[in-house]
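Chains, contacts and geometry: an overview
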Amino acid sequence: MQLDDLRQNWETFGAENPMWAIYTGRGRIEWDEGEFFATGDTEISEVMAVLERHGAPSGAARALDFGCGLGRLSQALAAHYETVDGVDISEPMIEGAKALARQPTGVDESRLRYHLNTKADLSIFEDESFDLVFSLITLQHMRPEFSRSYIAEFCRLVRPGGVVFFQLPTHRTTALKRLRGAAGRTMRKVRRSLLGGEPVMEMYGTPRKDVEALLTTGGLRVLDVLPDELAGPSWQSFRYLAIRPDSGD
Ligand SMILES: C[S@@+](CC[C@H](N)C(=O)[O-])C[C@H]1O[C@@H](n2cnc3c(N)ncnc32)[C@H](O)[C@@H]1O
């Protein structure tokens, strides 16, 4: 799926039922706003525990949330970082994130900024401008050519001493599931070309060795690779943590 189709899909999801689209795997169609954002707090507490274990910077620091959606994770990150920039390809998601950040449970808007970015790069941000570059359940929905180029951008954006932390599946767990995945993708393509309109949420994996090689090529050192379950039961998925070493390291 080309980037423009991906954008259109996420605009439709964002306009129709964004909370469901963001958290599909949990079997919930309707979300209470408080409960939805509470899932972000839980997720980020776990992430922060991993980062602290590795001595990653937080506090007076700047974080980027790539594929921020409604800000479920950006708002939670803002409890740990001085400023958080959320970026998303879907205008309704960004508008929703801005609106929800104004709720009483939201955070100070001067510390939490949302950006619409429909490009295959993150050139809206300068080199080495973040202490944390972060992304969950986003890279898995785009073709590997795009996820790879965004990961290269993550490497460009992280400061010396800062870290990148993101999730990406590697492969479906059984040959039958792989076959079903390929057949499902073909069927969706055919349906889209015949009927048009109906949004699809595709899933893609990238081999772990390729992801690690991308990080190393980008000048980062891989600190940890943790198995995770965010891609659902039929995918093997990992969270990658890597640091841009300080010149003195
Ligand atoms: C499953 S949602 C996850 C949202 C958020 N990370 C969370 O966990 O709450 C995926 C998000 O990624 C966004 N997205 C997809 N492709 C993107 C791209 N190329 N650049 C920026 N955002 C993208 C979608 O619009 C959507 O908001």
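Preceding this paragraph is the structure being described.
Residues numbered from 1 in each chain as written. Predicted model: local features only at pLDDT ≥ 70, side-chain atom pairs only at ≥ 80, totals over all residues. Heavy atoms only, no water.

**Points about unusual backbone geometry**
- For Glu128, which is not glycine, the phi torsion reads 50 degrees and is therefore positive.
- Along the chain, the position of Glu128 falls in the loop between β3 (112-116) and β4 (130-135).
- At Ile137, a residue that is not glycine, the phi angle is positive and equals roughly 45 degrees.
- Summarising the element assignment, Ile137 is placed in the loop between β4 and α6 (144-157). (Helix = DSSP H or I, 4+ residues; strand = E, 2+ residues; numbered from the N terminus.)

**Brief notes about the pairing of strand β1 (residues 59-66)**
- Pairing analysis gives six bridges linking β1 to strand β2 (residues 81-88), with the strands arranged parallel. Within β2, the residue paired with Arg62 across the bridge is Thr83.
- In terms of strand pairing, β1 meets β4 through three bridges, oriented parallel. The partner of Asp65 across the bridge, within β4, is Phe134. (Pairing = 2+ DSSP bridges.)

**Focus: the sheet that holds β2**
- Pairing is mixed across the open sheet formed by seven strands, whose spatial order is β3-β2-β1-β4-β5-β7-β6. Strand pairing shows two members of the sheet lacking a second neighbour, β3 and β6 (221-228), which therefore form its edges. Strand after strand, the sheet turns through a mean of 20 degrees between neighbouring axes, direction not considered.
- Each of β2 and β3 touches helix α5 (residues 91-101); the most contacted strand, β3, lies at about 165 degrees to it.
- Where α6 meets the sheet, its contacts fall on β1, β4 and β5 (158-172), and the angle it forms with β5 comes to roughly 165 degrees. (Axes fitted to C-alpha atoms, helices over the stretch in contact; angles between N-to-C directions. Contact = heavy atoms within 4.5 Å.)

**Describing the layout of surface pockets**
- In this structure, the second largest pocket spans a volume of roughly 160 Å³.
- Forming the walls of the second largest pocket are 10 residues, and the residues nearest its centre are Tyr23, Glu43, Glu46, Leu230 and Arg239.
- Of the residues forming the lining of the second largest pocket, the biggest block, four residues, is contributed by helix α3 (residues 33-53).
- Tallied by class, residues from the lining of the second largest pocket come to two nonpolar, two polar and six charged. (1 Å grid on protein atoms, 1.4 Å probe; cavity = no way out; pocket = protein on both sides within 12 Å on 5 of 7 lines; lining within 4 Å. Points joined across faces, edges and corners; volume = space filled by probe spheres on them. Nonpolar A, V, L, I, M, F, W, Y, C, P; charged D, E, K, R; others polar.)

**Section: the site of the ligand**
- Neighbouring residues of the ligand: 21 residues in total, closest Gly67, Arg72, Asp88, Leu136 and Tyr150.
- Between the ligand and Gly67 there is a distance of 2.7 Å, counted from a nitrogen atom to a backbone nitrogen or oxygen.
- Relative to its free-state accessible area of 600 Å², the ligand is covered by the protein chains to the extent of 100%.
- Secondary-structure elements contributing two or more residues to the shell around the ligand are α1 (3-16), α2 (18-22) and α4 (72-77).
- With three residues, the single largest contributor to the shell around the ligand is α1.
- Among the residues making up the shell around the ligand, the classes are represented as 14 nonpolar, five polar and two charged. (Near = heavy atom within 4 Å. Polar contact = N/O pair within 3.5 Å; in protein donor to acceptor, adjacent residues only side chain to side chain. Areas by Shrake-Rupley, 256 points an atom, 1.4 Å probe, with all protein chains shown as cover.)

**Comments concerning the packing of α6 against helix α8 (residues 208-217)**
- At a closest axis distance of 9 Å, the pairing of α6 and α8 adopts a crossing angle of 35 degrees. Here α6 runs over α8; the crossing is right-handed. Contacts from Arg148, Ile151 and Cys155 of α6 reach α8 at Asp210, Leu214 and Leu215.
- When its residues are assigned to classes, the contact of α6 with α8 shows four nonpolar, no polar and two charged. (Left-handed = near helix turned anticlockwise from the far one by under 90°.)

**A look at the environment of Leu3**
- Topologically, Leu3 is positioned in helix α1.
- Residues Leu3 and Ala120, spaced 117 residues apart in sequence, show a C-alpha to C-alpha distance of 7.2 Å.
- When sequence neighbours within four positions are dropped, the list of residues in contact with Leu3 reads Ile89, Thr118, Lys119, Ala120, Phe146 and Tyr150.

**Brief notes about the side chain of Ser147**
- As for its placement among the helices and strands, Ser147 is situated in helix α6.
- Relative accessible area serves as the criterion here: at 1%, Ser147 is assigned to the buried category.
- Once you skip the residues sitting within four places of it in the chain, Ser147 turns out to touch Leu139, Met142 and Thr206. (Buried < 20%, exposed > 50% of the residue type's maximum accessible area, 1.4 Å probe, protein only.)

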